[in-house]
Amino acid sequence: MPCRPPFLLRNIDFSARVAPGIGLCVAMTGLAIGLERAQAALLGKAWLEALNLALVLGVGLRALWRPTPACLPGISFCARTVLNIAIVLLGASFSVGAVRAIGPGLVAGAMGIVVFSLVFTCCVGRLAGLPARQTLLVACGNSICGNSAIMAAAPVIGADEDAVGACLAFTAAGGLVVVLGLPFVAPLLGLTDGAGGVLAGLCVYAVPQVVAAAAPFGMAAVHVGTLVKLVRVLMLGPVCVVLALIASAGRARKAQGSRLPPLTRLVPWYIIGFVVMMAVRSAGGIAAGLVVPLNHVATFLTILAMAALGLGVELRAIVHAGRALMVTVTISLLGLLGASVALVRVMVGG
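Residues numbered from 1 in each chain as written. Predicted model: local features only at pLDDT ≥ 70, side-chain atom pairs only at ≥ 80, totals over all residues. Heavy atoms only, no water.

Undergrad: Any chance you could explain the overall build of the chain here in plain terms?
TA: A count of helices and strands for the chain gives 17 helices and 0 strands. Looking at the chain alone, contacts between residues at least 24 apart form 79% of all its contacts between residues at least 6 apart. For the chain, the computed accessible surface area is about 16200 Å², with 72% contributed by carbon and sulfur atoms. (Helix = DSSP H or I, 4+ residues; strand = E, 2+ residues; numbered from the N terminus. Contact = heavy atoms within 4.5 Å. Areas by Shrake-Rupley, 256 points an atom, 1.4 Å probe, with all protein chains shown as cover.)

Structural data, given as structure tokens:
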């Protein structure tokens, strides 16, 4: 029986294998953060955040240069393990108490918008001829929290990197349009500043983008919009659990007839970690001074993962999937915006 190398040597070997790819992703992350700050300095605010910039840089670099075999293990490590760790740390940013502050009616309304958008997008994707896995990715991205939701749902449903990258590229573009256009659309709809903040929370992707979209309506709008957005983000865990149950049930039917695997195999470990971190934060187990640093670490790791995912995207795959994907993303966003405006008028008023 061959001897296994000592634990320390195995870790040294692993570190040496992933170091080149991680170094490449770190360099791209630094460039993306620098470009975001340059936008803020030159334009007054960052119109495109580092998360999206890292993806664009990765896709652009991959179009010009194929990563060497030495870089591939590190790129894969960033796209999977690093992303999962970031999702767990993200749970520390949310507490049940903060969500309660906006009232049960608006909480229920935000959850209803997520469910509506998921179902609506799945119907649109099917009619447009988009593959089922890509349809689910678009539905999660548009309905919950954009890139993070897509990247969290992808391993649950077994989506490949080309499908993930294509969905990220299209939804990122659609999300940017929403962020830029919402401050102009809300006044045309006759919405008050408070209603504009709620609308931003209901239909804009990431929390920083909600802040940017709601800022023209005042700080009160930013506050309520962020809280509404947190409700949508909190739906990520339950949605991924449901997707995991559906995916596992399908695999079980093929492999074992009607038997299901144990529950511990149905729920991804990073989703469990996200829920545990949120529960610990809600119970006061995470000091207030640690929340911001943990959020910064989660953001940095997510940007790393975005760069890695971009490096795995073939532009030809995006072009090939373009029409059905573009139709699905566009109609999904319009449906989300329409439903959000209707909810705001009913619950908040114009």
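Back to the write-up after that little detour.
Undergrad: How should the packing of aromatic side chains be read in this particular structure?
TA: For any two aromatic rings, the description comes down to two numbers: the centre-to-centre distance and the angle of the planes. This model, assessed by the stated rule, comprises 1 aromatic pair. Where Phe116 meets Phe120, the ring centres are 5.5 Å apart and the plane angle is 15 degrees; that geometry is what we call stacked. On the criterion of helical spacing, the pair formed by Phe116 and Phe120 is a turn pair, its members being 4 residues apart in helix 5 (residues 104-128). In this structure Phe120 comes out as partly exposed when scored by relative accessible area, which is 27%. (Phe/Tyr/Trp six-rings, centres within 6.5 Å; stacked < 30°, edge-to-face > 60°. Buried < 20%, exposed > 50% of the residue type's maximum accessible area, 1.4 Å probe, protein only.)

Undergrad: In this structure, what is going on with a nonpolar patch on the surface? I would like to understand it.
TA: A surface patch of nonpolar side chains, amounting to about 420 Å² of accessible area, comprises Leu42, Leu43, Trp47 and Leu180. Checked against the element boundaries, Leu42 lands in helix 1 (residues 7-43). Judged by relative accessible area, which is 73%, Leu42 ranks as exposed. (Patch = residues over 30% accessible without salt bridge, like charges linked within 9 Å, V, L, I, M, F, W, Y side chains within 5 Å. Salt bridge = Lys/Arg side-chain N within 4 Å of Asp/Glu carboxyl O.)

Undergrad: Quick question: what am I supposed to make of the state of the cysteines here?
TA: Here, the word disulfide means a covalent bond between the sulfur atoms of two cysteines. According to the stated counting rule, one finds 0 disulfides in the structure shown. Left unpaired, Cys122 is separated from the closest cysteine sulfur, that of Cys123, by 7.0 Å. (Disulfide = S-S within 2.5 Å.)

Undergrad: In this structure, what is going on with the packing of helix 3 (residues 72-90) against helix 14 (residues 269-282)? I would like to understand it.
TA: Axes are the key here: two packed helices are described by the angle between their axes and the distance separating the axes. Helix 14 packs onto helix 3 with a crossing angle of 20 degrees between their chain directions and a minimal axis gap of 7 Å. Judged on the interaxial angle alone, helix 14 and helix 3 are roughly parallel. When the axes of helix 3 and helix 14 are compared, the crossing they make is right-handed. Taken together, the residues of helix 14 that come into contact with helix 3 (itself represented by Asn84, Ile85, Ile87, Val88, Leu89 and Leu90) are Trp269, Tyr270, Gly273, Phe274 and Met277. Partitioned by chemical class, the residues of the contact of helix 3 with helix 14 number 9 nonpolar, 2 polar and no charged. (Axes fitted to C-alpha atoms, helices over the stretch in contact; angles between N-to-C directions. Parallel < 35°, antiparallel > 145°, perpendicular 65-115°, else oblique. Left-handed = near helix turned anticlockwise from the far one by under 90°. Nonpolar A, V, L, I, M, F, W, Y, C, P; charged D, E, K, R; others polar.)

Undergrad: What am I meant to see in helix 9 (residues 193-203) here?
TA: The periodicity of an α-helix, 3.6 residues per turn, causes residues three or four positions apart to be oriented the same way. Burial of helix 9 is extensive: 9 of the 11 residues sit out of reach of the surface. Taken together, the buried positions of helix 9 are occupied by Ala195, Gly196, Gly197, Val198, Leu199, Ala200, Gly201, Leu202 and Cys203.

Undergrad: Would you mind showing me how to read the confidence of the model for the chain here?
TA: Predicted confidence across the chain gives a mean pLDDT of 81, with 85% of residues reaching 70 or more. Ranking the elements of the chain by mean pLDDT puts helix 13 (residues 263-266) last with 50 and helix 5 first with 92. (pLDDT = per-residue confidence, 0-100.)

Undergrad: What is the right way to look at the side chain of Thr302 in this model?
TA: Note that Thr302 resides in helix 15 (residues 288-311). Leave out the neighbours within four places in its chain, and Thr302 touches Leu51 and Ala86.

Undergrad: Explain the packing of helix 2 (residues 50-64) against helix 15 to me, please; I cannot follow it from the model alone.
TA: Two elements in contact, helix 2 and helix 15, have axes separated by 7 Å at closest approach and are oriented at 25 degrees. Here helix 15 runs roughly parallel to helix 2, going by the angle between their axes. Every pair of crossing elements has a handedness; the one defined by helix 2 and helix 15 is right-handed. Where helix 2 abuts helix 15, its residues Ala50, Leu51, Ala54, Leu55, Gly58, Val59, Leu61 and Arg62 lie against Thr299, Thr302, Ile303, Met306, Ala307, Gly310 and Leu311. Here the contact of helix 2 with helix 15 is built from residues that sort into 10 nonpolar, 4 polar and 1 charged.

Undergrad: What's the story with the environment of Ala154 in this structure? I'm lost.
TA: As for its position among the elements, Ala154 is in helix 7 (residues 147-157). Through-space distance from the C-alpha of Ala154 to that of Gln134 is 9.0 Å; in sequence the pair is 20 residues apart. Those residues in contact with Ala154, other than ones at most four positions away along the chain, are Leu137, Ala159 and Val164.

Undergrad: What should I look at first to understand the environment of Cys71 in this one?
TA: Tracing the backbone shows Cys71 in the loop between helix 2 and helix 3. If we skip the residues at most four places from it in the chain, Cys71 touches Pro20, Gly21, Leu24 and Trp65.

Undergrad: Whenever I open this one, the environment of Asp162 confuses me. Can you help?
TA: By the element assignment, Asp162 lies in helix 8 (residues 161-188). Residue Asp162 is classed as partly exposed on the basis of its relative accessible area, which comes to 30%. With 148 residues separating them in the primary sequence, Asp162 and Gly310 have C-alpha atoms 9.3 Å apart.

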